[in-house]
Amino acid sequence: MNPIPQEKQQALVDRLMQASGGSYSPEVRRRYFITGPQWAVAYEGQALFHAPTRSPITFEKVIEEYSRIGVGYWCTHDTDVIPANDLFTPKQDEAVARIKSSLSKHGMKCSMVTTETFHHPVWAAGSAAEAGDVREYANRRLENTVSIGHQLEAQYCVYWPGTLGYSTQGAIDEMQTLRWYADGINAACQADIALAGKYKRHTLKHCLEAKPFEPQAEILLPTSDAMLSLIFSGLIKHPDMVGLNPEYLHELMWGGAPRASLARALLCGKLFHFDINDGYRLKHDVDIAVGLVNPLDWLNVLVLLRSHDYNGPFNLDYKPPRTTSNYGVFAVSLPSAVDRFITLWEMAGEVQSDPIIKEATDALKAGGAGANLADVNSIVEANKELLSLHELIGNRLFQILIGANRGRTYSL
Ligand code: GLO
Ligand code: MG
Ligand code: MG
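Residues numbered from 1 in each chain as written. Chains lettered and ligands numbered in written order. Predicted model: local features only at pLDDT ≥ 70, side-chain atom pairs only at ≥ 80, totals over all residues. Heavy atoms only, no water.

Focus: the nonpolar core
In terms of nonpolar packing, the biggest core is built from 97 residues, with Trp 74, Phe 274, Leu 302 and Phe 341 touching the most fellow members. Take this core: its biggest share by element is 12 residues, from helix 13 (residues 326-353). Formed by eight residues, the second largest nonpolar core is a distinct cluster that contains Phe 33, Trp 39, Cys 207 and Phe 272. (Core = buried A, V, L, I, M, F, W, Y, C linked by side-chain atoms within 4.5 Å. Buried < 20%, exposed > 50% of the residue type's maximum accessible area, 1.4 Å probe, protein only. Helix = DSSP H or I, 4+ residues; strand = E, 2+ residues; numbered from the N terminus.)

Below is the structure:
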């Protein structure tokens, strides 16, 4: 193939996307509670060792593109859209008014707001720092985000604690720091109760998000289970208002099974919100788009969520790869992520109604006949052949993933 001049590259990308097929219409995409973060598609490719590769884009452009593609909900950190110096000033109100008008112009809703408590130098020691003025400022920021949430008619507020931990052991008092962290969540809930009264709205759902490592060396609340223990510790004054925003990759990063983490959250009635993406075990937070690394596991995750009627948001907390084109973010990265999610969701429906999986599962639950409970060997004998069905189910899931259940064959 000849080298492709730059001015012909977008057309090539478009033609190959078209040829790949598998795209849902914006109308179909909008039927799902898929939410689009400001920070995801506006990510410029920067990292610790990396300069940005893409140019900045405004929230107006982000909202417009989400709407065009068919992602019906938008969410944001406070400082994604309002510079830290403008918070608490009339410039904040101006920004909120501009966001509202942009959302309404494009038929979009704001699903969630979150406070940035990790990037600015004020958070060098985290939001639950020893310095009382940092903690007071953190509480103000959280309360302010809740207020912005009500103004934008959001339903959810998310908290990822960022630098809540330590690099050198013994430097901080873990118990005290966790108490201070809980104080922040309490301040947010307290403000929410007052603001919900003022705006005549429901209180928000407050969702804690854990990450096992990054950006701190040792993390005080590294997993969704740790977050559950905080919620039920007695430190949280309104535990009914507080739940989880697990992130798929964050559970995988520590070596856990995301499906099991989600199941534990569901058992506790605390699966409020879900960050969807993909990546690798025991590696850093690569935030690859959903289904590109672990599609079989993702299929299973969605079977779990469909089977237990999860009805919260699926939040596209991923990072478009470090390319040089904003065009590619909206032409390839975003729509393909949304469409893989919907395809996996539909496949999960196929799994639920698959007659082979159903019969195998029913048989496993029915168990073998004729066991004598006083004789351990007879229990083993009675169930002898049934356990092969576990692997048979695994194989069937693979067949569904590759379309074999619909007749796709490979030179059989
Ligand atoms: C970072 C987190 C981050 C949060 C966001 C919402 O690793 O995943 O993107 O989801 O700050 O609070
Ligand atoms: Mg996240
Ligand atoms: Mg992540």
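Moving on from the model shown.
So, the environment of Asp 183
Tracing the chain through its elements places Asp 183 in helix 8 (residues 174-199). Since its relative accessible area comes to 39%, Asp 183 is described here as partly exposed. Spatially, the C-alpha atom of Asp 183 lies 50 Å from that of Gly 367, the residues being 184 residues apart in sequence.

Concerning the site of ligand 1
Ligand 1 sits among 13 residues. The nearest are His 77, Thr 114, Glu 209, Glu 247 and Asp 317. Between ligand 1 and His 250 there is a distance of 3.3 Å, counted from an oxygen atom to a side-chain nitrogen or oxygen. Between ligand 1 and Asp 285, the relevant distance is 2.8 Å, taken from an oxygen atom to a side-chain nitrogen or oxygen of the residue. Taking 320 Å² as the accessible area of ligand 1 by itself, protein coverage stands at 95%. Per-class residue counts for the shell around ligand 1 are four nonpolar, three polar and six charged. (Near = heavy atom within 4 Å. Polar contact = N/O pair within 3.5 Å; in protein donor to acceptor, adjacent residues only side chain to side chain. Areas by Shrake-Rupley, 256 points an atom, 1.4 Å probe, with all protein chains shown as cover. Nonpolar A, V, L, I, M, F, W, Y, C, P; charged D, E, K, R; others polar.)

Description of the coordination of the magnesium ion (ligand 2)
In this structure, Glu 209 (OE), Glu 247 (OE), Asp 275 (OD) and Asp 317 (OD) serve as the protein donors to the magnesium ion (ligand 2), at separations of 2.0 to 2.1 Å. Each of the six donor atoms around the magnesium ion (ligand 2) contributes to a set of angles spanning 79 to 167 degrees, which defines the coordination as octahedral. All donors of the magnesium ion (ligand 2) belong to a single chain; written as a sequence motif, their spacing is E-x37-E-x27-D-x41-D. The distance between the magnesium ion (ligand 2) and the magnesium ion (ligand 3) is 4.6 Å, with Glu 247 acting as a donor to both metals. Of this pair, Glu 209 sits in the loop between strand 6 (205-208) and strand 7 (218-219) while Asp 275 sits in strand 9 (residues 274-275); the two residues are 66 residues apart in sequence, bridging distant segments of the chain. Of the two residues, Glu 209 and Asp 275, neither departs from the other in class, the shared state being buried. (Donors = N, O, S within 2.8 Å, 3.2 Å for Na, K, Ca; no water. Tetrahedral: all angles 85-135°; square planar, octahedral: opposite > 155°, others 65-115°.)

Don't take any of this as a statement about function, it's just geometry.
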